[in-house]
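# An overview of the molecular structure
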Amino acid sequence: MGLFTALHRRTWKSAVVNEFHKLHGLNLRVIGEKIGPGTLDDLLNVQYEYASHSPSLGAENVTRVLDESFGINIHALAMEARIFGSDR
């Protein structure tokens with residue numbers, strides 16, 4: 001992987017985290033605590049291959065995969081985070 005690609009991937013992942021927060025009011029890293037940071041990183045790497053042109057599409061894809069593959073209810077987690085103040 002070239003330096004430009006590595007930098008683009010890192011920037012894209014950060015943008016996906018921001019888009020995910022805009023969509024759900026929840027920091028994606030909270031999900032990383034539930035599924036494991038390595039698993040989250042792998043998930044983001046796979047989604048980068050599909051949507052490297054669009055962080056918002058990446059955030060939508062991550063949401064779908066978390067629900068379908070991991071059974072994680074993002075809306076319930078976001079509500080819990082708002083109630084207990086742990087969204088960041």
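Residues numbered from 1 in each chain as written. Predicted model: local features only at pLDDT ≥ 70, side-chain atom pairs only at ≥ 80, totals over all residues. Heavy atoms only, no water.

### Brief notes about the environment of Ile74
In this fold, Ile74 is placed in helix H5 (residues 74-84). Sequence separation between Ile74 and Leu57 is 17 residues, and the spatial gap between their C-alpha atoms is 16 Å. When sequence neighbours within four positions are dropped, the list of residues in contact with Ile74 reads Phe20, His24, Leu26, Ile31, Thr63 and Leu66. (Helix = DSSP H or I, 4+ residues; strand = E, 2+ residues; numbered from the N terminus. Contact = heavy atoms within 4.5 Å.)

### Things to note about the nonpolar core
By size, the foremost hydrophobic cluster in this structure holds 23 residues, and its most contacted members are Phe20, Leu26, Leu28, Ile31 and Leu66. Of all the secondary structure elements, the ones that give two or more residues to this core are helix H1 (3-24), helix H2 (28-35), helix H3 (37-51), helix H4 (55-70) and H5. A per-element tally of this core places H3 first, with five residues. With residues up to four places along the chain from it excluded, the contact list for Leu28 reads Val16, Val17, Phe20, Leu40, Leu44, Val62 and Leu66. (Core = buried A, V, L, I, M, F, W, Y, C linked by side-chain atoms within 4.5 Å. Buried < 20%, exposed > 50% of the residue type's maximum accessible area, 1.4 Å probe, protein only.)

### Observations regarding the environment of Leu44
Along the chain, Leu44 falls in helix H3. Accessibility expressed as a relative area gives 6% for Leu44, which makes it buried. Measuring from C-alpha to C-alpha, the distance between Leu44 and Gly2 comes to 18 Å, with 42 residues separating the pair along the chain. Beyond its immediate stretch of four places on either side in the chain, Leu44 contacts Trp12, Lys13, Val16, Leu28 and Val62.

### Observations concerning the pattern of salt bridges
Should their charged atoms come close, side chains of opposite charge can pair. Summed over the entire model, instances satisfying the criterion amount to four salt bridges. Note that Asp41 and Lys13 form a salt bridge whose closest N and O atoms lie 2.5 Å from each other. Note that Asp41 is positioned in helix H3 and Lys13 in helix H1, a separation of 28 residues in sequence. Relative accessible area serves as the criterion here: at 32%, Asp41 is assigned to the partly exposed category. Of the charged contacts in the structure, one is a salt bridge between Glu68 and Arg64, with a shortest N-O distance of 4.0 Å. You can see Glu68 and its partner Arg64 sitting in helix H4, four residues apart, about one turn around the helix. Note on Glu68: relative accessible area 59%, which makes it exposed. With relative accessibility at 41%, the residue Arg64 sits in the partly exposed group. (Salt bridge = Lys/Arg side-chain N within 4 Å of Asp/Glu carboxyl O.)

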